[in-house]
Amino acid sequence: MKREVMTFPPDLIEALRTAHHVVVSTGAGVSQESGIPTFRDGLEGLWEIFDPEQFATPQAFARQPDLVWGWYEFRRAQVAKCLPNPAHQAIATLARKVRRLTVITQNVDNLHERAGSTDVIHLHGSLHAPICASCGQSYMMSANDAQAGETGGRLPPPTCPSCGGLVRPGIVWFGEMLPEEALERAQQATLHCDVFFSIGTSVVVYPAAALPFMAAEQGACVVQINPEPTGLDDYASFSLVGKAGEVMPELVAAV
Ligand code: APR
């Protein structure tokens with residue numbers, strides 16, 4: 001059975017071919033087809049299963065460091081078993097087709113990097129870059145050394161070799177500020193880009209959610225890829241309804 005090839009508006013293709021700077025902002029939806037659960041998607045969203053108050057706050061870590069560290073190690077082990085999907089790969093390919101491309105992701109997995117993307121800004125931190133909760137010293141963990149704790153399994157967090165404090169996940173938790181340098185770089189890229197993709201995000205968590213609106217405000221061509229409606233629908237120049245792993249490869253092939 002012949003599957004019809006997707007067609008895209010010629011002015012979208014032209015905008016990409018002539019762009020000086022493309023920004024691709026992604027949320028959990030871009031990793032969904034790799035098998036990593038999103039946060040708010042229907043019933044399988046992560047926050048339907050795990051109470052963020054129990055795991056994703058500084059207070060939770062102070063109260064139960066073993067439980068919080070164990071949960072993030074469980075997530076890191078999950079990510080190590082997943083592979084970048086065609087959306088991650090298409091984004092890395094697009095970077096080779098346009099003059100300049102910056103990825104801004106809310107995701108804490110490393111699938112963009114494993115697909116070959118190089119200019120990646122992690123607004124909400126990374127599972128692979130823990131920090132000392134006392135002195136702030138940052139550490140890098142390799143992609144596949146997660147102690148595969150079971151769901152909710154308790155694991156004692158490492159202690160910081162510099163100060164002896166507890167090492168915590170390098171994730172921006174609810175109530176915490178985003179890393180200043182990452183946010184500044186993301187805002188600058190947003191303000192100066194010609195095309196801004198918003199892929200696989202519900203556009204509800206600020207300040208990341210402000211970026212596509214900032215892009216629209218400065219006159220960039222805003223392209224949304226999501227199977228569901230979001231608050232960005234009325235502001236996007238193009239809303240491509242579908243899964244990122246299906247739409248993005250066909251769009252990039254057409255550029
Ligand atoms: N392709 C594209 N989009 C998809 C796909 C897919 N295959 N599957 C789901 N989506 C869309 C959903 O329709 C939804 O709009 O991805 C979006 C996922 O939304 P959320 O689960 O809210 O994830 P996200 O927007 O990344 O959440 C932002 O919230 O909890 C915090 O820090 C956490 O970074 C996270 C932030």
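Residues numbered from 1 in each chain as written. Predicted model: local features only at pLDDT ≥ 70, side-chain atom pairs only at ≥ 80, totals over all residues. Heavy atoms only, no water.

**Quick notes on unusual backbone geometry**
Thought 1: Along the chain, Tyr206 connects to Pro207 via a cis peptide bond; the corresponding omega equals 0°.
Thought 2: Tracing the sequence through the fold places Pro207 in the loop between strand E6 (195-199) and helix H10 (211-217).
Thought 3: In this model, Val203 sits at a positive phi of 55°, which is unusual for a non-glycine residue.
Thought 4: Along the chain, Val203 falls in the loop between E6 and H10.
Thought 5: By relative accessible area, which is 9% here, Val203 ends up buried. (Helix = DSSP H or I, 4+ residues; strand = E, 2+ residues; numbered from the N terminus. Buried < 20%, exposed > 50% of the residue type's maximum accessible area, 1.4 Å probe, protein only.)

**Describing the packing of aromatic side chains**
Thought 1: In the structure shown here, the tally under the stated rule is seven aromatic pairs.
Thought 2: Taking the centre distance of 5.6 Å and the plane angle of 85° together, the rings of Phe50 and Phe55 count as edge-to-face.
Thought 3: The buried category is assigned to Phe55, whose relative accessible area is 4%.
Thought 4: Aromatic pair Phe213 and Tyr235: ring centres 5.0 Å apart, planes at 80°, arrangement edge-to-face. Separated by 22 residues along the polypeptide, Phe213 in helix H10 and Tyr235 in the loop between strand E7 (221-225) and strand E8 (238-240) bring together distant segments of the chain.
Thought 5: Taken together, the ring pairs connect Phe50, Phe55, Phe61, Trp71, Tyr72 and Trp173 into an aromatic cluster.
Thought 6: Looking at Arg75, its charged tip hangs above the ring of Trp71, at a distance of 5.0 Å from the centre.
Thought 7: When the ring centre of Trp173 is taken as reference, the NZ or CZ atom of Arg168 above it lies at 3.9 Å. (Phe/Tyr/Trp six-rings, centres within 6.5 Å; stacked < 30°, edge-to-face > 60°. Lys NZ or Arg CZ within 6 Å of the ring centre and 35° of its normal.)

**A short note on helix H11 (residues 244-254)**
Thought 1: For H11, the full list of buried residues reads Ala244, Gly245, Val247, Met248, Glu250, Leu251 and Val252.
Thought 2: Those residues of H11 that are buried lie in contact with helix H1 (10-18), helix H2 (29-32), helix H7 (86-97), E6, E7 and E8. (Contact = heavy atoms within 4.5 Å.)

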